[in-house]
Amino acid sequence: MNSEESLKIDIQNLNFFYKTKQVLKNINLQMAEKKVTALMGPSGCGKTTLLRCLNLMHELIEETRAEGTVNLYPQKVNLLSDEMDPLWVRQRIGMVFQKPNPFPKSMYENVAYGLRLRGLKNKTELESRVEKALNQAGLWKEVSDRIHQPAFSLSGGQQQRLCIARALAVEPEVLLLDEPTSALDPISTAHIEEQLSEIKKHVTVIMVTHNLHQAARCSDETVFMLNGEVIEKGRSQKLFTNPQDQRTENYITGRFG
Amino acid sequence: MNLSTNSLGSSVKFRHFLSFIFKILSLLGLLLGLIVLLVLIGDLIRRGGDRLSIDFFTNFASRKADRAGILAAWVGTLWVMLITAVLTIVVGVSAAIYLEEYAPKNRATRLIELNILNLAAMPSILYGLLALGLFVHQMKLGSSLLTAGMTLSLLVLPVVIVASREALRSLPFTLKEASYALGATQFQTLVYHQIPAALSGIMTGVILALSRAIGETAPLITIGALTYIAFLPQSLMDSFTVLPIQLFNWLSRPQEEFHANAAAAGLVLLFLTFLLNGVAILIRIKARKNIKW
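Our subject in this report is the structure included herewith. (Residues numbered from 1 in each chain as written. Chains lettered and ligands numbered in written order. Predicted model: local features only at pLDDT ≥ 70, side-chain atom pairs only at ≥ 80, totals over all residues. Heavy atoms only, no water.)

To continue, consider the overall build of chain A. Looking only at helices and strands, chain A has 10 helices and 10 strands in total. In terms of overall size, chain A behaves like a compact globule, its C-alpha atoms giving a radius of gyration of 18 Å where 257 residues would be expected to give roughly 18 Å. Seen through its principal axes, chain A has C-alpha atoms that stretch 55 × 45 × 40 Å. Classification of the 257 residues of chain A by burial places 54% in the buried group. A distance of 2 Å separates the average location of the 32 positive side-chain charges in chain A from that of its 31 negative side-chain charges. (Helix = DSSP H or I, 4+ residues; strand = E, 2+ residues; numbered from the N terminus. Rg over C-alpha atoms; globule rule 2.2 N^0.38 Å. Buried < 20%, exposed > 50% of the residue type's maximum accessible area, 1.4 Å probe, protein only. Lys, Arg positive; Asp, Glu negative; His and termini not counted. Charge placed at Lys NZ, Arg CZ, Asp CG, Glu CD.)

In structure tokens, the structure reads:
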């Protein structure tokens, strides 16, 4: 992280357990504001778990335990402290999942839902915010004339962009993307990647990806994880061209994973 | 194994034959059920169809078969079913939501679940005995509409609880996940997403439950429902009779004329069952319209 970048998320000594199994081992990471950070690594390395810890989604699953500190800036509050309200966290840190998961309602209702949860009722304001979010996700032009139709009438790629719009509508500070394009075709993937450069002007993005090329293309910084540990973190260009750790090199040259 | 063309050929033929036989068997199963039902309805119409007239619906029971009607019975049945439906849906769905969403998954919860399944299989007369002791004597509610509604509701609650839980459980986890990730509370997630999405499954359980309740006679006789009544209930605490009891009463008389009345009452009971189910199915269709997977 450069000096002119401001700190958004500071993870210190994060350990995560599922039942008795330790999934994350002593993670220390800093993420810069309004940048795209990619978490990369083979299946089961803990990158999705790390992502879910950031907006406390792990609390939905029984017998999980997260220890350590995750500070959110500028508020400088520890997201993992016992007093922390998950609602407060999830209002500020949005998430998009691996498989598109729109609600079985209209596109409009999908995007407006987060706003309605917070008690926004004014119709004109709802409409303008829905339009803004759909624009940010690059979907507005395609659906503006049919936003009251069911979300499931969209293609898979459009559904995923709808989910991105749904997360952006509440103007989060951080957007977590969990392999957002792994269920999509190359063209839909390109659409979403294009949109990322637009989205990161307003929001800090942390993205889990399997795809090395995606990490190289879209992210400012890349974190390489293996077996629940952070192996290496650096500027994406540097990490991909000149990795410092042998294991990172093995992974990006395709020797395993 | 010999996989030459010939042996393969005969085995394909044999497998097609098995497949065909199974299709016929399942068709026969369907026809058997359907034919018995049609014969039953036909028989009721043949024996009681003539008795169906406006007078039959607007007259109270009488000692003279040709002047006897089912006014008290059909009004009583509607009242009892209304009370049963309201109680069952409110209590049953709440219980299902608690068990499925809030209850800790431990031994006590599993024991309760197991016992709900057992309750569903309990003979209805035992519910009548329980209601006689608890509602009629202890709570001093008497042989009233309210007692009847509560008794039948108790009887069919397990069906609604089990069906509602299944409906909630079959929803994809991603639905909950998506809602929570946007900062929704558990209550908001239930009200906005889970209950609407599970509603059609819940209504299926309600249909089954009400169909069972409408035909119940034994528990209502146990709590002291009247067989002859010459007024309409004015409040929840009034005594009542229902169609199955009227039907049973007429059937147990020696005169042929009353048997015709019983057949006609049976037709009305069937019609009411279809009507109640129709309402529930309408609700189900409406629920499905709002949810577009």
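So, on to the interface of chain A and chain B. Across the contact, 21 residues belong to chain A and 21 residues belong to chain B. Together chain A and chain B conceal approximately 2,000 Å² of surface at their shared face, both sides included; 69% is due to carbon and sulfur atoms. Interface area lost by chain A to chain B is led by P104, Y113 and L117 of chain A, which between them contribute 29%. There are one salt bridge connecting chain A and chain B. Taking the shortest distance from any N to any O, the salt bridge between R52 of chain A and E177 of chain B comes out at 2.5 Å. Between chain A and chain B we count seven residue pairs in polar contact (both at pLDDT 80 or more) in total. Taken together, the residues of the side of chain A that touches chain B break down into 13 nonpolar, two polar and six charged. (Contact = heavy atoms within 4.5 Å. Buried area = accessible area lost by both parts, 1.4 Å probe. Salt bridge = Lys/Arg side-chain N within 4 Å of Asp/Glu carboxyl O. Polar contact = N/O pair within 3.5 Å; in protein donor to acceptor, adjacent residues only side chain to side chain. Nonpolar A, V, L, I, M, F, W, Y, C, P; charged D, E, K, R; others polar.)

Our next topic: helix α4 (residues 107–120) of chain B. With 14 residues, α4 of chain B extends 20 Å between its outermost C-alpha atoms, agreeing within 8% with the 20 Å of an ideal straight helix rising 1.5 Å per residue. For α4 of chain B, the N-terminal capping position is held by N106 of chain B, with its side-chain oxygen 3.2 Å away from the main-chain nitrogen of A108 of chain B. (Expected span 1.5 Å × (residues − 1).)

Residue and element names in this part refer to chain B. Following both chains from N to C, one finds helix α7 (residues 173–181) and helix α8 (residues 186–214) inclined at 145 degrees, their axes separated by 10 Å at the closest point. Classified by chirality, the crossing of α8 by α7 is right-handed. Touching L175, K176, S179 and Y180 of α7 are Q186, T189, H193, Q194 and A197, all from α8. Class assignment for the residues of the contact of α7 with α8 results in three nonpolar, five polar and one charged. (Axes fitted to C-alpha atoms, helices over the stretch in contact; angles between N-to-C directions. Left-handed = near helix turned anticlockwise from the far one by under 90°.)

Residue and element names in this part refer to chain B. At a minimum axis distance of 9 Å, the contact between α8 and helix α11 (residues 256–290) shows a crossing angle of 170 degrees. Taken together, the axis directions place α8 and α11 in an arrangement best described as roughly antiparallel. Residues L199, S200, M203, T204, I207, S211 and I214 of α8 pack against L269, L272, T273, L276, N277, A280, I281, I283, R284, A287 and R288 of α11. Looking at the contact of α8 with α11, its residues break down into 11 nonpolar, five polar and two charged. (Parallel < 35°, antiparallel > 145°, perpendicular 65-115°, else oblique.)

This next bit is on the sheet that holds strand β10 (residues 229–235) of chain A. All names here are of chain A. With mixed pairing, the six strands of this open sheet are ordered in space as β6-β7-β8-β3-β9-β10. Each having just a single partner strand, β6 (93–96) and β10 make up the two edges of the open sheet. If you compare each strand with its neighbour and ignore which way they point, the axes differ by 20 degrees on average. (Pairing = 2+ DSSP bridges.)

Moving on: the state of the cysteines. Residues and elements named next belong to chain A. Under the criterion given, the structure shown has zero disulfides over all chains. In this model C45 remains outside any disulfide bridge; the closest cysteine sulfur is found in C53, 13 Å from its own. Judged by its relative accessible area of 1%, C45 is buried. C218 carries a free sulfur, and the closest cysteine sulfur to it, the one in C45, is 18 Å from it. (Disulfide = S-S within 2.5 Å.)

Moving on, we come to the side chain of T189 of chain A. Residue and element names in this part refer to chain A. Note that T189 resides in helix α7 (residues 186–199). A residue is classified by how much of its surface remains accessible, and T189, at 11% relative accessible area, is buried. Excluding anything up to four places from it in sequence, T189 contacts T181, L184 and Q214.

Take the sheet that holds strand β2 (residues 21–32) of chain A next. Strand-to-strand pairing in sheets goes through backbone hydrogen bonds, with the strands running parallel or antiparallel. Residues and elements named next belong to chain A. Strand order in the open sheet formed by four strands is β2-β1-β4-β5, with antiparallel pairing between adjacent strands. Bordering the open sheet on either side are β2 and β5 (77–78), each of which pairs with just one other strand. When strand β1 (residues 7–18) meets β2, the two strands line up antiparallel, connected through eight bridges. When the sheet's bridge partners are listed, I11 is paired in β2 with L29. In this fold helix α1 (residues 47–54) packs onto β1, β2 and β4 (64–72), with an angle of close to 115 degrees to the strand it touches most, β1.

Before going further, it helps to examine unusual backbone geometry. All names here are of chain A. With an omega of 5 degrees, the peptide bond between Y73 and P74 qualifies as cis. Note that P74 resides in the loop between β4 and β5. Of note, the phi angle at N26 is positive, near 45 degrees, even though the residue is not glycine. Checked against the element boundaries, N26 lands in strand β2. Residue classification places N26 among the partly exposed residues on the basis of a relative accessible area of 45%. Its identity as a non-glycine residue notwithstanding, E179 has a phi of 40 degrees, on the positive side.

Let us look at α1 of chain A. Side chains three or four residues apart in an α-helix point the same way, a direct result of the helix having 3.6 residues per turn. Residues and elements named next belong to chain A. Counting buried positions along α1 gives seven out of eight residues, so the element sits mostly inside the fold. All of the buried residues in α1 are K47, T49, L50, L51, R52, C53 and L54. Backbone geometry just after α1 places L56 at a positive phi near 60 degrees.

Geometry only, nothing functional implied.
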